[in-house]
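Residue-level structure breakdown
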Amino acid sequence: MDKCTLVTGGTGYIGSHTTVALLEAGYQVIIVDNLVNSSDKVLSRIEKITGLAPIFVRADLRDTSTITKVFKEYPITSVVHFAGLKAVKESVEEPTKYYDNNLGSALSLVKAMETSGVSTLVFSSSATVYSPFEDSPVDEGATLGPTNPYGMTKYFIERMLTDVALGDKDWSIGLLRYFNPIGAHSTGLIGEMPRGTPNNLVPYVMQVAIEKLEKLYIFGDDYETPDGTCIRDYVHVVDLARGHLAALRFLEKTKGSHIWNLGTGKGTSVLELIQTVEEVIGKSIPKEVVGRRSGDVPIVYADAEKASEELSWRAENTILKMCADHWNWQKQNPDGYQ
Ligand code: NAD
Ligand code: UDP
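First things first, this report covers the structure right here in the doc. Please read all numbers here as calculations on a predicted model, not as lab measurements. (Residues numbered from 1 in each chain as written. Chains lettered and ligands numbered in written order. Predicted model: local features only at pLDDT ≥ 70, side-chain atom pairs only at ≥ 80, totals over all residues. Heavy atoms only, no water.)

1. Overview of the nonpolar core
Counting residues in hydrophobic clusters, the biggest one holds 38 residues, and the most contacted among them are Trp260 and Leu311. Going through the elements one at a time, α1 (13-24), β2 (28-33), α2 (42-50), β6 (172-178), α8 (237-251), β11 (256-262) and α10 (305-311) are the ones with two or more residues in this core. Ranked by residue count, the leading element in this core is α8, at 8 residues. Residue contacts for Trp260: discarding those within four places in its chain leaves Glu140, Gly174, Leu175, Leu176, Arg177, Ala247, Phe250, Leu251, Lys306, Ala307, Glu310 and Leu311. Counting 29 residues, the second largest nonpolar core, distinct from the first, contains Cys4, Ile76, Val79 and Ile173. (Core = buried A, V, L, I, M, F, W, Y, C linked by side-chain atoms within 4.5 Å. Buried < 20%, exposed > 50% of the residue type's maximum accessible area, 1.4 Å probe, protein only. Helix = DSSP H or I, 4+ residues; strand = E, 2+ residues; numbered from the N terminus. Contact = heavy atoms within 4.5 Å.)

Have a look at this one:
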């Protein structure tokens, strides 16, 4: 193996799937994670899928001296940076925690990379950086305007990394703006593990389906959309994982900073999503329409052409496959990795 990648947040949802993709593509993987929102049990599952074990270092990214030691100890040539807190509602209630963790981690990582002479970085950004007033499909040139502290942390980190690449032409940086990641590895061995009651639609529906939650509340059916419910661009986490690999390969050959949307380019309404889950599980889901959730935008989906042209990456999995894989994981692991 001649390529060694540091995956921060690699025991988390998207990080674990990307670790699988990297190991399968012949990369050595070093994971750094403090397990604030994940379990180290994922490591043996990754090994079960790939037959290969990532190296695991339990550490907080904000601890720059420990992270610098990791770079000294292993022959790391690139970094995929997932580590961060991601709950929008919590970020509104505890903004300092989000600015400290997310900005602190990114800055500390970049400093450790500078000290170590590693300058290839893929960063997990989000479609939440776009202004809610942009019409869909949203392309990478659309106006930015995050509306909550979580989205702001992504926006500020994007700005910082863009400046880093402008200041030193040796850097190769990819900013990946994910739309709505769902699904799980087809083995059902790894998947998303929400702490407490989920806020996002798919994890919530799945917990209603396994009867952990009583019913789904549909936040509004009076939007200006064909069925009145909000439309989002759901993308399979395994497709996202492939997207990271494609971005890394591009950055290994190209300097500068680059932005790519990772989405399917197709919108699915809340009702269509629920119908698909019902089809997968073979029964109806208890549900009730309630008022709109504050801050929700009626329609958001990606223009995914740039990733297709520059990375030869396209999301391949259908919404049915996303829901089937998510259900397979949920059914096999009703309590996550516990
Ligand atoms: P996740 O919570 O499952 O994974 C994040 C990982 O980072 C966790 O394992 C957590 O323990 C770790 N972590 C957090 N702070 C850390 C710190 N200071 N030091 C070390 N480790 C730390 O989340 P995910 O869904 O896999 O998301 C990965 C990244 O993608 C995040 O940055 C998130 O903001 C971004 N993102 C996620 C979504 C989504 O819907 N899942 C959408 C857009 C962007
Ligand atoms: N949603 C819902 N009930 C829930 C959770 C979400 O009706 O319990 C709706 C929400 O209003 C939005 C869509 O599902 O229109 C997707 O929500 P999610 O939080 O998953 O993604 P985001 O809105 O952040 O893109």
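2. Regarding the pairing of strand β8 (residues 216-219)
The alternating pattern of β8 places Leu216 and Ile218 on a buried face, while none of Tyr217 and Phe219, on the opposite face, is buried. Direction of pairing for β8 relative to strand β13 (residues 287-290): parallel, over a ladder of 4 bridges. Considered in β13, the bridge of Phe219 is made with Val290. (Pairing = 2+ DSSP bridges.)

3. Structural notes on the sheet that holds β2
Spatial strand order, β3-β2-β1-β4-β5-β6-β11: 7 strands in an open sheet with parallel pairing. Of all strands in the sheet, those with a lone pairing partner are β3 (55-58) and β11, marking the two edges. With strand direction ignored, the average angle separating the axes of adjacent strands in the sheet is 20°. As defined by bridge partners, β6 adjoins β11 across 7 bridges and the pair is classed as parallel. Looking across to β11, one finds that Gly174 is bridged to His258. (Axes fitted to C-alpha atoms, helices over the stretch in contact; angles between N-to-C directions.)

4. Quick look at the site of ligand 1
Contacts to ligand 1 come from 28 residues, most closely from Asp33, Asn37, Ser38, Lys86 and Tyr150. Contact distances for ligand 1 include 2.6 Å between an oxygen atom and a side-chain N or O atom of Asp33. At a separation of 3.1 Å, a nitrogen atom of ligand 1 approaches a polar side-chain atom of Asp60. Here ligand 1, which alone exposes 820 Å², has 95% of that area covered by the protein. Looking at the shell around ligand 1, the elements that each hand over two or more residues are α1, α5 (95-116), β5 (120-126) and α6 (149-167). Examining the composition of the shell around ligand 1, we find that 3 residues originate from one element, β5, more than from any other. Across the shell around ligand 1, the residue classes tally to 11 nonpolar, 12 polar and 5 charged. (Near = heavy atom within 4 Å. Polar contact = N/O pair within 3.5 Å; in protein donor to acceptor, adjacent residues only side chain to side chain. Areas by Shrake-Rupley, 256 points an atom, 1.4 Å probe, with all protein chains shown as cover. Nonpolar A, V, L, I, M, F, W, Y, C, P; charged D, E, K, R; others polar.)

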